[in-house]
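Residue-level structural notes
Read off the chains here:
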2 protein chains.
Amino acid sequence: MSAPMEILLSVDSAYLKHVRTLMCSLVVNNPGERFKVHLLHQSLAPGAIEALSADLGRIGCELSPLQVDSALFGSAPTSKRYPQEMYYRLLAPSILPKDCKRVLYLDPDTLVINPVGPLWNINLEDHLFAAAAHTLPTELLHEANKVRLGTEHRYYNSGVLLIDVAAARSQLDPRDVFGYVRERGNTLLLPDQDAFNALYGKRTLEIPDTVWNLDARMLGMHYARGMGEIDINWIMENTAILHFCGKEKPWHKRYHYRLGLLYKHYRNLTKTLMGKR
Amino acid sequence: MSAPMEILLSVDSAYLKHVRTLMCSLVVNNPGERFKVHLLHQSLAPGAIEALSADLGRIGCELSPLQVDSALFGSAPTSKRYPQEMYYRLLAPSILPKDCKRVLYLDPDTLVINPVGPLWNINLEDHLFAAAAHTLPTELLHEANKVRLGTEHRYYNSGVLLIDVAAARSQLDPRDVFGYVRERGNTLLLPDQDAFNALYGKRTLEIPDTVWNLDARMLGMHYARGMGEIDINWIMENTAILHFCGKEKPWHKRYHYRLGLLYKHYRNLTKTLMGKR
């Protein structure tokens, strides 16, 4: 039996319930794979973690929770939409256990609809991360972000990150993250993503967003232009990870983008596979 | 371990490839259940049956093929869209093996998106069948069909049928089916369905179409009126079987009804679970 794929999640209590749906979609679409889930958090209730552990156990996944000392961030700005937990993906190399060599970080508003093996096994060469830059809305935004953050590369979305934990553990200093967030937090538009780009963008391998981190709004009317050959048929066959970016979320009753239908189905299938909560 | 649910399918070579997707959707949405598939056919190639048997074996389903003597129907009218195989569901009681007590017949253009256990275990009382009458387009059509076929009940859709094989075996005469199809075939609008309603409608328990046989076009613009509380959220949580009725099929690239997205996803997931063909 092969070693499990290691998944990295980081949620607060508001987003915890969506982990079930994400993991259900990952397991259904990756038959024959095993998964170990590292859950970084600040203050989840022990009972909530135990319940999730039991639920994930029903689909054969092992949960490994890790509490992060929130004092390390000092007065870094957070909000309901941007809790401290969003920074934890950047700390993974320094706080994950030593036997963890590589993890795939996934935002809790992603959904897996095809095998992720090709990303898990990607050759990172001398990069420490792999991430996608969202194609849309426009290239103009990428240029603006380069100026704003002083970067040379395209602006990466930090919702899906493959991390070479073993290499990053020895090459990166976690104090960079604490310091950047404390000092620059107030000036950041999307704090986690800006920090990722500013600190680690240079060490990142770009992967196609249409396969590994598709903005689920892209099938909406005015986004669809300029997508070329990428239509619903292409997406169903080729896209592995959908990302439900933006304020509207597919677990809201009135979410209206087309791909939300798949999320709603997996959310319901989760109840069949793990029981209701 | 509980006894398997027994599924009845009947396809010609053109529809055979869609059985994989249907069975994949059934297995994924019914964890912990086992399935035995009775496949009634006229002239499928042995190689095609063996390939399907191997594919279904990969998701834990047993295939039991049964060839029907096509001479029994004489000169009954058929076409590419309405092949002789569509009548075979009506013969199931007389040709399925004696140890088969109950089967769930499914059209090859259906998709399962929730557990079917509650239908499989339904109390049929003294009925021989359970079937749904499609709510839409209008009740007017039901009245027209009553006059046309000389029936008293609503017009049932024969795409999803629960059949009490044990009781029907002793109470129905298969010659009724052969005779009806030979004599009336040319005057029937939807031959399989008309024959089912005329011959067996009186012995049928009505079940809700919104749960057990939802016309997938119902989410289209002009069908959606009059559906009351039934929206996309209700359907994802409550509907167990989608039926992609009509000439347009969700395996066509340009199929445009919303629920076709789920079909396309399961069609692709089938390749992941069973391999490409």
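Throughout this document, residue positions are counted from 1 along each chain, in the order its sequence is written. To label them, take the chains in the order written and letter them from A, then take the ligands in the order written and number them from 1. Where local features are concerned, this predicted model is filtered to residues with pLDDT of at least 70; where side-chain atom pairs are given and counted, the filter is 80 or more; whole-chain, interface and lining totals use all residues. Hydrogens and waters are ignored; side-chain quantities use all the structure's heavy atoms.

**Observations concerning empty space enclosed by the protein**
Residues and elements named next belong to chain A. We apply this condition: Points on a 1 Å grid, built from protein atoms alone, make a cavity when a 1.4 Å probe fits but cannot get out and make a pocket when they are open with protein on both sides within 12 Å along at least 5 of 7 lines; residues with an atom within 4 Å of a point are the lining residues. Grid points are joined across faces, edges and corners, and a volume is the space filled by probe spheres set on the points. A run of H or I in DSSP becomes a helix once it reaches four residues, and a run of E becomes a strand once it reaches two; helices and strands are each numbered from the N terminus.
Inspection of the entire model under this criterion finds two cavities of 30 Å³ or more. Roughly 70 Å³ of volume is contained in the largest cavity. Every residue lining the largest cavity is listed: Leu90, Leu91, Pro93, Ser94, Ala168, Arg169, Leu172, Asp173, Pro174 and Tyr200. Going through the elements one at a time, α3 (88-95) and α6 (165-171) are the ones with two or more residues in the lining of the largest cavity. Element by element, the count of residues in the lining of the largest cavity is highest for α3, at four residues.

**Thoughts on the packing of helix α1 (residues 18-28) of chain A against helix α12 (residues 260-274) of chain A**
Residue and element names in this part refer to chain A. The test is simple: In this description, a line fitted to the C-alpha atoms serves as the axis of each element, helices being fitted only across the stretch in contact, and the angle between N-to-C directions of two axes falls anywhere from 0 to 180 degrees. The scheme is simple: roughly parallel for angles under 35 degrees, roughly antiparallel for over 145, roughly perpendicular for 65 to 115, oblique for anything else. Contact criterion: two residues are considered in contact whenever any of their non-hydrogen atoms come within 4.5 Å of each other.
Where α1 meets α12, the axes come as close as 9 Å, and the angle between the chain directions of the two elements is 90°. Between α1 and α12, the crossing angle belongs to the class labelled roughly perpendicular. Each of His18, Arg20, Thr21, Cys24, Ser25 and Val28 in α1 lies in contact with α12, whose residues at this interface are Tyr263, Tyr266, Arg267, Leu269, Thr270, Lys271, Leu273 and Met274.

**Regarding the interface of chain B and chain A**
Rules: When two parts are put together, the accessible area they lose, computed with a 1.4 Å probe and summed over both, is reported as buried area. Residues are sorted three ways: Asp, Glu, Lys and Arg are charged, Ala, Val, Leu, Ile, Met, Phe, Trp, Tyr, Cys and Pro are nonpolar, and all the rest, Gly among them, are polar.
The interface is formed by 23 residues belonging to chain B together with 23 residues belonging to chain A. Counting each side, the surface lost to burial between chain B and chain A is near 2,300 Å², with a carbon and sulfur contribution of 61%. For chain B, the biggest contributors to the area lost against chain A are Asn233, Leu261 and His265 of chain B; these three give 27% of the whole. Counting residues per element, the side of chain B that touches chain A draws most heavily on helix α12 (residues 260-274) of chain B, which supplies ten residues. For the side of chain B that touches chain A, the residue count by class is twelve nonpolar, six polar and five charged.

**Remarks on the sheet that holds strand β1 (residues 5-10) of chain A**
Residues and elements named next belong to chain A. Filter applied, for reference: When DSSP finds two or more bridges between a pair of strands, those strands are recorded as paired.
If you walk across this open sheet you meet the seven strands as β3-β2-β1-β4-β7-β6-β8, and the pairing is mixed. Among the strands making up the open sheet, the edge pair consists of β3 (61-67) and β8 (204-206). The average undirected angle you get between the axes of adjacent strands in this sheet is 25°. Strand contacts of α1: β1, β2 (35-41), β3 and β4 (103-106), with the helix running at about 160° to β2, the strand carrying the most contacts.

**Structural notes on the packing of α3 of chain A against helix α7 (residues 174-184) of chain A**
Residues and elements named next belong to chain A. Note the following rule: Each crossing gets its hand from how the near helix is turned against the far one by less than a right angle, where anticlockwise is left-handed and clockwise is right-handed.
Two numbers describe how α3 lies on α7: the axes approach to 8 Å, and their chain directions differ by 155°. Taken as axis vectors, α3 and α7 run roughly antiparallel relative to one another. In this structure, α3 crosses over α7, and the sense of that crossing is left-handed. Mapping the contact onto sequence places Leu90, Leu91 and Ser94 in α3 and Pro174, Val177 and Phe178 in α7. In terms of residue class, the contact of α3 with α7 is built from five nonpolar, one polar and no charged.

**Looking at the pattern of salt bridges**
All names here are of chain A. Short version of the rule: We define a salt bridge as a side-chain nitrogen of Lys or Arg found within 4 Å of a carboxyl oxygen belonging to Asp or Glu. Exposure is judged per residue with a 1.4 Å probe applied to protein chains only, and the accessible area is read against the type maximum: over 50% gives exposed, under 20% gives buried, and values in between give partly exposed.
In total, this model carries 14 salt bridges over all chains according to the counting rule given. In this structure, arginine 154 engages glutamate 206 in a salt bridge whose closest nitrogen and oxygen atoms are separated by 2.8 Å. A residue pair is termed long-range when its members are at least 10 positions apart, and arginine 154 in the loop between α5 (139-149) and β7 (157-163) and glutamate 206 in strand β8 qualify at 52 residues. For glutamate 206, a relative accessible area of 35% puts it in the partly exposed group. Measuring nitrogen to oxygen at the nearest pair gives 2.8 Å for the salt bridge that ties arginine 175 to aspartate 173.

**What to know about the relation of the copies chain B and chain A**
For clarity, the threshold we go by: A least-squares superposition brings the copies together, and it is based on the C-alpha atoms of residues with pLDDT no lower than 70 in both.
It takes a turn of 180° to lay chain B on chain A, together with a shift of 0.0 Å along the axis; the resulting RMSD is 0.0 Å. Within this description, the copies of the chain are treated as partners about a two-fold rotation axis. Every residue of chain B has its C-alpha some distance from the rotation axis, and the shortest such distance is that of leucine 262 of chain B, at 3.3 Å. Comparing contact sets, 100% of the residues at the interface of chain B also lie at the interface in chain A, consistent with an isologous, same-surface contact.

**With respect to a positive patch on the surface**
Residues and elements named next belong to chain A. Short version of the rule: Any residue with relative accessible area above 30% and no salt bridge may belong to a patch, with like charges joined within 9 Å and the nonpolar Val, Leu, Ile, Met, Phe, Trp and Tyr side chains within 5 Å. For the accessible areas, the method is Shrake-Rupley and the probe is 1.4 Å, while residue cover comes only from the protein chains on display. Residues scored as positive are Lys and Arg, those scored as negative are Asp and Glu, and His as well as the terminal groups of each chain are ignored. Here the site of a charge means NZ on Lys, CZ on Arg, CG on Asp, or CD on Glu.
A grouping of Lys17, Lys80, Lys253, Arg267, Lys271 and Lys276 is seen on the molecular surface, where their side chains present a positively charged patch. Topologically, lysine 17 is positioned in the loop between β1 and α1. Of the residues examined, lysine 17 reaches a relative accessible area of 53% and is grouped as exposed.

**Observations regarding the pairing of strand β6 (residues 129-132) of chain A**
Residue and element names in this part refer to chain A. Residues of β6 alternate between two faces, with Phe129 and Ala131 on one and Ala130 and Ala132 on the opposite face, all of them buried. Relative to β7, β6 runs antiparallel, the two being bridged by three bridges. In the strand pairing of β7, alanine 132 is matched with asparagine 157. Looking at chain direction, β6 and β8 are connected through three bridges and run parallel. Following the sheet pairing, alanine 130 is matched in β8 by leucine 205.

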